[in-house]
Amino acid sequence: MHMIFRTLLLFWRAPRAGRRGTPLGHYDVGRLSMRTLPTDLDLNRHMNNGVYLSVLDLGRFDLLIRNGIWDILRGRGWYPVVVSESITFRKSLTLWQKFVIETRVSGYDEKAVFVDQRIVVGGEIYAQAVVRARFLKKTGGTVSVAELIDAIGTVPPDLRLPEWQVRWGADVALPSTSAAAPSEWPGAVLDPRG
């Protein structure tokens, strides 16, 4: 199933799931059950590495809808965008295999929110990812972390962004959109075909 259909299905199901189940707090772990489909596979007959990142989007949307933050964002004309993401694979997902996406907010730096995500089968981690996201305003500009926290409420006092995530966020950052970002490869021979 193409990702747009999975996304639309999620937006239809998630509010209903939130009403039927235990309400999620803003900093709780969200769990979304899924199954590997034929369109998820690559030539090795397991889930393609790029598909993992796409289905993790669904886990983040599910969390935002079920914990009520999605409505807060929409009410203010804000929307999330991924700034950086990294994934580590441990085991492969195969055709029709059931898995769970676990998602939680791990903390904030001065500009963005960090989200931890896992692909889990039978309680065992198959893949793990960290995502750094910002929020943009439909009217233009970015939402500061202070504005975001003011809108969603108090941060739990025990929520501490792991030091490695702080370093990772800084290490992989690109220049801002208003700064120059030339594509230069030190010591590399450029392809003459352009």
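Since we're looking at a predicted model, the values are computed, not measured.

Turning next to empty space enclosed by the protein. One pass over the structure, following the stated rule, counts 1 cavity of 30 Å³ or more. Quantified by volume, the largest cavity comes out at close to 40 Å³. Lining the largest cavity we find Lys111, Ala112, Val113, Ala133, Arg134, Phe135, Val143, Ser144, Val145 and Leu148. Contributions of two or more residues to the lining of the largest cavity are made by β5 (124–137) and α4 (145–152). Residue contributions to the lining of the largest cavity peak at 3 residues, all from β5. Counted by class, the lining of the largest cavity contains 7 nonpolar, 1 polar and 2 charged residues.

What α4 keeps buried is the set Val145, Leu148, Ala151 and Ile152. Projected down its long axis, α4 shows its buried positions confined to an angular sector of 125°, all on one face. Summarising the geometry of α4, the exposed residues directed more than 90 degrees from the buried face are Ala146 and Asp150. Buried residues along α4 sit against α3 (69–76), β2 (78–89), β3 (98–108), β5 and β6 (142–143). Gly153 sits one or two residues past α4 and shows a positive phi near 110°.

On to the layout of surface pockets. Roughly 550 Å³ of internal volume is contained in the largest pocket. Lining the largest pocket are 19 residues, and of these Val83, Arg134, Leu174, Pro175 and Ser176 sit closest to its centre. Tallied by class, the residues present in the lining of the largest pocket amount to 9 nonpolar, 5 polar and 5 charged.

Each value, and the rule that gives it
- Residues numbered from 1 in each chain as written.
- Predicted model: local features only at pLDDT ≥ 70, side-chain atom pairs only at ≥ 80, totals over all residues.
- Heavy atoms only, no water.
- 1 Å grid on protein atoms, 1.4 Å probe; cavity = no way out; pocket = protein on both sides within 12 Å on 5 of 7 lines; lining within 4 Å.
- Points joined across faces, edges and corners; volume = space filled by probe spheres on them.
- Helix = DSSP H or I, 4+ residues; strand = E, 2+ residues; numbered from the N terminus.
- Nonpolar A, V, L, I, M, F, W, Y, C, P; charged D, E, K, R; others polar.
- Buried < 20%, exposed > 50% of the residue type's maximum accessible area, 1.4 Å probe, protein only.
- Arc of directions from axis to C-beta.
- Contact = heavy atoms within 4.5 Å.

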